[in-house]
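Observations on chain architecture
Below are the chains, spelled out letter by letter.
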Amino acid sequence: MDKNKVKILMAKPGLEGHWRGIIAVSSAFRDAGFEVIYGGHMLPAEIAATAVQEDVDIVGLSILSSNYMRLVSETVKELKDRGRGDVMILLGGIIYKEDFPALKEMGVAEIFLPGTPLDEIVEFVRRNTSEASQKVS
Amino acid sequence: MAGSDEGKVTTASGVPVKDIYTPDDIKHIDYERDIGIPGKPPFTRGVYATMYRGQLWTIRRLTGFNTPEDTNRRYREEYELGQTGFSIAPDISTAVGMDADDPRVSADVGHAGVPIYSVEDMETVFNGLPIEKCSTFLADRVGGLLTPAYFLMAEKRGIPLNQVRGTTANDLCTWSSIDLFNQPPPDGFLRYAVDLIEWCTQNAPRWYPVSFNSYNPRDNGINAVQEMGMLMATVIQYVEEAKRRGRVPLDRFVRRFAFNMAMHSDFFEEIAKLRASRRLLQRIMKERYGIEDPACGQLRVHVQSSGSTHTHQEPLNNLVRIAYQVMAGVLGGAQSIHANGYDEAVCLPTDQAMLLAIRTEQIVALETNVTNTVDPLGGSYYIESLTKELEERAWDYIKKIEDQGGMAEAIKSGWIHREYKKAIIEHERKLASGEITVVGVNKFRLEKEPYEVPIFRPDPRSPDILIERVKRLREQRDDAEVARALKNLEAVVRSEENTFPAIMEAVKAHVTPGEMARIQLEVYGPWTYPIGG
Amino acid sequence: MADGQHVCSASGIPIKNIYTPEDTKDIDYDRDLGLAGQPPFTRGVYPTMYRGRLWTIRRLSGFNTPEETNKLYREEYELGQTGFSVAPDVSTVVGLDADDPWVTADIGHAGVPMSSLEDVQATFEGLPIEKVSTYMADRCGAVNTAMYFVMAEERGLDLQEIRGTTANDLLSWSVPALINQPPPQAYVRYAVDFIEWCTEHAPKWNPVSFDSYNARDCGLNAVQELGMLMATAIQYIEEEKKRGRVSLDRFVRRFSFNTGLHNDFFEEIAKLRAARRMWHRVIRERYGIEDPRCALFRVHVQSSGSTHTTQEPLNNVIRIAYQVLAGVLGGAQSIHANGYDEGVCLPTDQSMLLSIRTEQIAALETNVTNTIDPVGGSYYVESLTNQIEERAWQYVQKIEDMGGMAEAIACGWVHREYMDATIEHERRLASGDITIVGVNKFRMEKEPYEVPIFRWDPEAPDKQIERLKKFKKNRDQSRVNQALQELERVTRSGENVYPAVMEAVRAGGTLGEIAGVQHKVYGVWHHPIGV
C-alpha cells in the first residue's frame, strides 16, 4: 500500500439519495491522485469500521437532508470508539452556516457548501494532509 | 384578462387579443418591408446587427441620495458589482432649481436624489470613477447645471469634449408629467432644450443631448399606445423647432437622439411596444422629414421597470415583477436597462435591493441564454400582429396631439394633463372593480405584512451639510466673475443666441443652479402646471 | 456569449445570430403546428389553454410529521394553491417503517413520513380531496396511493371519480441512489400492474407521471431529458403490449408527465412544444392509437432545483420567476415554483409565499395568458422546437438500441449518462463555460442576504415511532398476515398485485411490510453509482 497516497472514504450516513455532489467530489479527488473508496450509503458504524479496515486518512460525508447534526455526531463517536478519532472529517451538502461552529467543535475539519469550486476542496486536502499521511501505523 | 369570452380579452392598452394567432394574422406583413433584419431599417428587430451577441445592454441604474460623497460611495459599489453606466438622480432642490439655502426648499434638500450645485460637487460624485470608460445619464433640469458641470469636469480631467459619452435628459415629455415647482412654460423649455442639442452637434458629438422619455408619463397611468404617441409627438416637436430655426441640418440635429421608456406589466405588449417604436421612429425620420441616413432613425432606448407597478405591500413580490419587466426589455431589444429596487414603493433602494436589481439583469444576461439570438420573438404570429396594431394606434394618437398644435401646445393648453388625469382615474376604477389585478393588493391580500425587508433612511444631516456648502461656495467665489457671467447669461437668454456657452461660462464662475433658474423665470415667466380643478 | 461562432443553447444546439422566414419555410402549419387542442398539439394540449383555465399551482411539500404537513397544506390552500403534492420523507421513499433502526435519523426529513394508512389520513385531515387533486410521489408499488384510495373509500368517495396522480415512474426512480429498491424490471412490473388496475377502478386518476425532473437535475440537457422521458413511456406501453391485458388506448389514456424547467429560457419553451409533438407521434404513429385524447402530453413542470444557488439565495427568486414564465409560455398544465431557499433548506413561510406569488403574478398581472402559445410562429422558437425534437428522437433510438429504458438502467448505461453529465457540468463551471451569477462570476466574499432558515423538528422521529407502535397494536395482526401472504402469492404468480396491495392496506399493513414483500420476491438492487 502506498503510504504516501492520501486515502479517503466517501460516504452518505443518511438515506437520502442525492449523489451528484459526492460523485463530483470523489471524481475530483481521484483525478487529483488521492485513493478514493466510494462507500455510498453507510451507517455511521459501518463508516467507522471501514475507516479502520481501510486505514483511511479522511472521511468525507455528504448530507442533504438537514439531519447532519445527529449523523455527524454518531459518526464521530463511532470513529472515536474504534480509536480513530484522528481521522479528518470533511462535510459537504446542505449545512446551515449557523451550525458550522458546533460541527467544528464536534470534530469536522471543514465544511463545503454547494457551489464550492472542486479545486478548492482538493487544495484543502493537499494542504492539510502532509502531516496526516505520516501517522504512526 | 384570462376570460373565455371572445372579444373581452385585451392587452393593458386595450388592444383586443384573440385566443390564438396563426399565419393568417400576419399574411399582410411583408418581412423585408415591415420586419427586416436588425441594424437595418425599419429596425423592428433591433437597432444593431448583432445586438446582445455583440454587446450586452448597459446596466444603468438611476441613483443619487444624501450628499455627493454618499452618492460617490454608492456609485463605486455599483461599479464593483458590475454596473456598466451611471445615472444621476438629482434631488428635489436641483430639479426645481433652488439652492439649498432657499427657504422654500429646505425640507426637500437631499431628498429623492443628490443635490449638485457646482463643478466641485460633480467631481465629488465621480471621484475615482473612470468616466472615460463609462457613460453617464444626467436627469438635469432644463438649462441646468449638471450637463455643463459634467463637461467642465471632463475637460479638467483631460478628456476632450468630443470624446465624452453620456446623455442629458432634456426632455419635454417627462417634464410635462411631473408637477415641479419653479418651471418656465413649455416654449421656454423648448428653447433651452434645442439650444443644448444644437451646441452638442458642434462640440460634443458623441453626447446624447436629449433622451425623449415616456417613463414618467407612463407612471401617470397612460397606456402603451399613449406612451408611444406622446413620445413621438415630442420628437416631432423638437425637429419642427430645429426646422424653424434652420441653424443645423436636420440629419445632424437628430443624429444623437436617445430614448427612455417604461417597462410595464403586460409582457408581450411591452415587447411589441419597443419593436413598434423602432419602426415608428424610423418612419418619422425617413418619410416625414426625408432624412436618408439610417443612423438617424435608430431608436436607442434605455428602459426602466415601471415604478407604478411595484407595491409597498409584500415588497418582495416586486422582485418577480421587475424580473419580468427586465426580461421584456431584453426581448424588446433595449440598449440600457434600469431594474428598480424591489423596495421602490417603500424607500430609496437599500444595499440589498440594489444588489438584487443588478443581479436580475446579470441573470438575464448570463444564465437565461435569451441573448443567444437577436429578436427571438420575431415571426411570432401574436407578436407581429401586436407590433403592427400598436404602431397603427400610436400613429392615431400622434395625430390627435398634432391636432392640438403639437406637443408643446398640447402641454400648455392642459390637454396632456387631462389625458393623465383621465388615465389615473380610469386606473383606480379598474383596480376597484378588479379588472386589473395586483397580487397582494386587490387580490390575495394578507392582513399582516409577511415580509420583513431592510429600510433605507436618508441621512438627516444632509440638508445642513449642503446648506453650509452652498454658503461657502458663495463666499469663496469671485463676485465680479459671477456678476459678469450672470449679466451675460441674461443677455443671451433674452436674445435668440444659443444659451449653452453662456451657461458653461456661468457654471465655470460658480453660479449656482438657483441663480441660473432665476434668470430663466425672469425672462420666460413662471408657469403653473395645468392640473387640479 | 459574445463570440458569434460558438453560441449554443444549453443542450448544445448551435444558435444563429438571427432567424428569419428562411428558417421556417419548410414548416407546414397544419401538419407541424396546428391549433391548440388538436394534433399534433405543438401549440397546446387544450383548445383554450389559460384563457379557459389557468394552470394549477401545485407545490411538492411535506415535512416532519403528518400533522405538521396537514397544517402546511391548509395554509397553502388558503394562500391560493390549487392542488396538493405530497413529498414523502426519506424513510417512506426507501420503504422502511419509522420503527426500523436503519431509518431513524431520516424520519421527517425532506418530506412527510407515511408508514401507515393513519399517516396518510392525518396528512389530509380536513382537506377537500374531492375538490382538488393530489399528486403522490409514491415509491415503487404505489403503496401510499393505496392508502390514499382507502382513505377516500372510508370518506365515502367514489374511486371512479377521484382525481390525482401517482408518480409511478421508472425514470425519476432511477435517479436517487436509494437503498432497499427492487431491480428496474420489477419496478416496471409493479408500475404496469398499477396502471392496469386504475384503468378499471380509478379511471380519473393519472396512474403514472413520467418524470424527467430528477434526471435533469443530474446535469442532463434538454435533449437527453426528453429522450429519456419518451423512452420510459415507450417502455411501459411495450410491457402492456406484451401482456395484452388492457387495450392500449385505455392503458395510455391518463398518462401524464413531469419535467424540470431549466435556465435556457427559449430552449425550455421549445422543449415543451417539441414534447407535445413527439408524444402525439409516439401514440399515433408508433402505436396506431386513434383517440386524440390519448396523445395529450399533459405536463406538470417544476423549476429545476439544481439551478438554485446556496449563495445569495434571493437571486433564486429571479431564476424561478423566469423558469415559471418559461413553463407558462411552454403551455404546462401545472407548475411548481421552488422556494428561493431551495439550495439552503426546506421552504420557510416566506419562501413558500413568494413561490405562490410568483405564479400568481405570472398568471394575473403579465397578461401572457391572454393568448395561446404566444411565441408560436417565431422563427427562432419554431427552429429550436424542430431541432430539439430531431435530437431527442435520436436519443430515444439510442435507448431503444440497448433494449429499452429498463434494460439501459439495469446495465448501468443510464447512470453513466448521469455521472458523465455531472462531471461535465463541473468542468464547464470551472472553465466559465457556464455562468452562475454570484457563484462563479461576481462572487462576493460575504453573503449579502439574510434569509430566514427552516428548521426541522428533532422530535418528529419519536412522534412517528410512537404513532406507528400504537397503530400496529390496534390492528388485527392475523388479518395483516393473511393479506401479506396473499400479496406474496400474487406477486410470484404474475397476476396484477394491486388488488392485494389495497387489501393489505385495508387490513392495516404498513408500507415497510408491503415493500418487504417486494424484496422477498425480487431481491434488492443497487444503483450503479460510484467512481
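Everything below is about the structure printed above this text.
This write-up is about the structure you can find in this document. (Residues numbered from 1 in each chain as written. Chains lettered and ligands numbered in written order. Predicted model: local features only at pLDDT ≥ 70, side-chain atom pairs only at ≥ 80, totals over all residues. Heavy atoms only, no water.)

1. A closer look at the sheet that holds strand β5 (residues 207-208) of chain B
Pairing between the strands of a sheet comes from backbone hydrogen bonds, and it takes one of two forms, parallel or antiparallel. All names here are of chain B. To keep things clear, this is the line we draw: At least two DSSP bridges between two strands are needed for those strands to be called paired. Where helices and strands are cited, they refer to DSSP runs of H or I of at least four residues and of E of at least two residues respectively, numbered from the N terminus. Residue contacts are defined here by distance: any two heavy atoms, one from each residue, within 4.5 Å place the two residues in contact. Lines fitted to C-alpha atoms define the axes, with helix axes restricted to the stretch in contact, and inter-axis angles between N-to-C directions lie between 0 and 180 degrees.
Across the sheet, nine strands lie side by side as β5-β4-β3-β2-β1-β9-β8-β7-β6; this open sheet has parallel pairing. Strands with a single pairing partner mark the edges of an open sheet, and in this sheet they are β5 and β6 (210-213). Sheet topology places strand β4 (residues 166-168) next to β5; two bridges connect them, and they run parallel. Each bridged residue has a counterpart across the sheet, and for Gly166 the counterpart in β5 is Trp207. Of the strands in this sheet, β6 and β7 (257-263) are in contact with helix α10 (residues 224-245), which crosses β7 at around 165 degrees. Against the sheet, helix α12 (residues 267-288) makes contact with β7 and β8 (301-305), and its axis sits at roughly 155 degrees relative to β7, the strand it touches most.

2. Notes on the state of the cysteines
Here is the rule: Disulfide: a pair of cysteine sulfur atoms within 2.5 Å of each other.
In the structure shown here, the tally under the stated rule is zero disulfides over all chains. Looking at the unpaired B:Cys134, the closest cysteine sulfur is the one in B:Cys200, lying at 19 Å. There is no disulfide at C:Cys294, and the cysteine sulfur nearest it, in C:Cys198, is 16 Å away.

3. Details of the sheet that holds strand β1 (residues 7-12) of chain A
All names here are of chain A. Ordered in space as β2-β1-β3-β4-β5, the five strands form an open sheet in which the pairing is parallel. Two strands in the sheet have a free side with no partner beyond their single neighbour: β2 (35-41) and β5 (108-112). Adjacent strand axes in the sheet meet at a mean angle of 20 degrees, parallel and antiparallel pairs treated alike. By the bridge criterion, six bridges tie strand β3 (residues 58-63) to strand β4 (residues 88-93) in an arrangement that is parallel. Considered in β4, the bridge of Ile58 is made with Met88. Across the sheet, helix α2 (residues 44-54) touches β1, β2 and β3, and the angle it forms with β1 is around 165 degrees. Where helix α3 (residues 68-81) meets the sheet, its contacts fall on β3, β4 and β5, and the angle it forms with β3 comes to roughly 160 degrees.

4. Re the pattern of salt bridges
Residue and element names in this part refer to chain B. Quick reminder of the rule: The term salt bridge refers to a side-chain nitrogen of Lys or Arg lying within 4 Å of a carboxyl oxygen of Asp or Glu. Three exposure classes are used, based on accessible area relative to the maximum for each residue type with a 1.4 Å probe and protein chains only: buried under 20%, partly exposed in between, and exposed over 50%.
Across all of its chains, the model carries 99 salt bridges over all chains by this definition. As a salt-bridge pair, Arg283 and Asp34 come within 3.3 Å of each other at their nearest N and O atoms. Here the residue Arg283 occupies a position in helix α12, and Asp34 occupies one in helix α1 (residues 31-35), the gap between them amounting to 249 residues. Like Arg283, the residue Asp34 is buried in the burial classification. With a closest N to O distance of 2.9 Å, Arg469 and Glu69 form a salt bridge. Here Arg469, found in helix α18 (residues 462-476), pairs with Glu69, found in helix α3 (residues 68-81); they are 400 residues apart in sequence, far enough to count as distant. On the basis of relative accessible area, Arg469 is assigned to the buried category, the value being 18%.

5. Some details on the side chain of B:Gln520
All names here are of chain B. Among the structural elements, Gln520 can be located in helix α21 (residues 513-524). Given a relative accessible area of 1%, Gln520 falls into the buried group. For Gln520, the contacting residues outside a window of four places in its chain are Arg141, Val142, Gly143, Pro184, Tyr192 and Gly525.

6. Describing α18(B)
All names here are of chain B. This is how the line gets drawn: By this rule the span expected of a helix is its residue count minus one, scaled by 1.5 Å. Directions are taken from the helix axis to each C-beta atom, and the arc is the one they span.
Compared with an ideal rise of 1.5 Å per residue, which puts 15 residues at 21 Å, α18 spans 21 Å between its outermost C-alpha atoms and is within 8% of the ideal. Among the residues making up α18, those that are buried are Ser462, Pro463, Leu466, Ile467, Arg469, Val470 and Leu473. Across the axial projection of α18, the buried residues extend over an arc of 160 degrees, all falling on one side. Looking at α18, the residues exposed on the side facing more than 90 degrees away from the buried face are Asp464, Glu475 and Gln476. Against the buried residues of α18 lie α3 and α5 (119-125).

7. What about the interface of chain C and chain A?
This is how the line gets drawn: When two parts are put together, the accessible area they lose, computed with a 1.4 Å probe and summed over both, is reported as buried area. Contacts described as polar in this section are N or O atom pairs within 3.5 Å, which, within protein, must combine one atom able to donate a hydrogen with one able to accept it, while residues neighboring in sequence count only if both atoms come from side chains. Residues are sorted three ways: Asp, Glu, Lys and Arg are charged, Ala, Val, Leu, Ile, Met, Phe, Trp, Tyr, Cys and Pro are nonpolar, and all the rest, Gly among them, are polar.
Residue-level contacts link 38 residues of chain C with 32 residues of chain A. Taken over both partners, the interface formed by chain C and chain A buries close to 2900 Å², and the fraction arising from carbon and sulfur atoms is 63%. Summed over the three residues of chain C that lose the most area to chain A, namely C:Trp102, C:Arg455 and C:Val531, the buried surface amounts to 22% of that side. At the junction of chain C with chain A, the criterion picks out zero salt bridges. Inspection of the region where chain C meets chain A yields nine residue pairs in polar contact (both at pLDDT 80 or more). Of all the secondary-structure elements, those providing two or more residues to the side of chain C that touches chain A are α4 (90-94) and α17 (413-431) of chain C. Of the residues forming the side of chain C that touches chain A, the biggest block, six residues, is contributed by α17(C). For the side of chain C that touches chain A, a count of residues per class yields 22 nonpolar, 10 polar and six charged.

Limitation: the analysis is restricted to geometry and does not speak to function.
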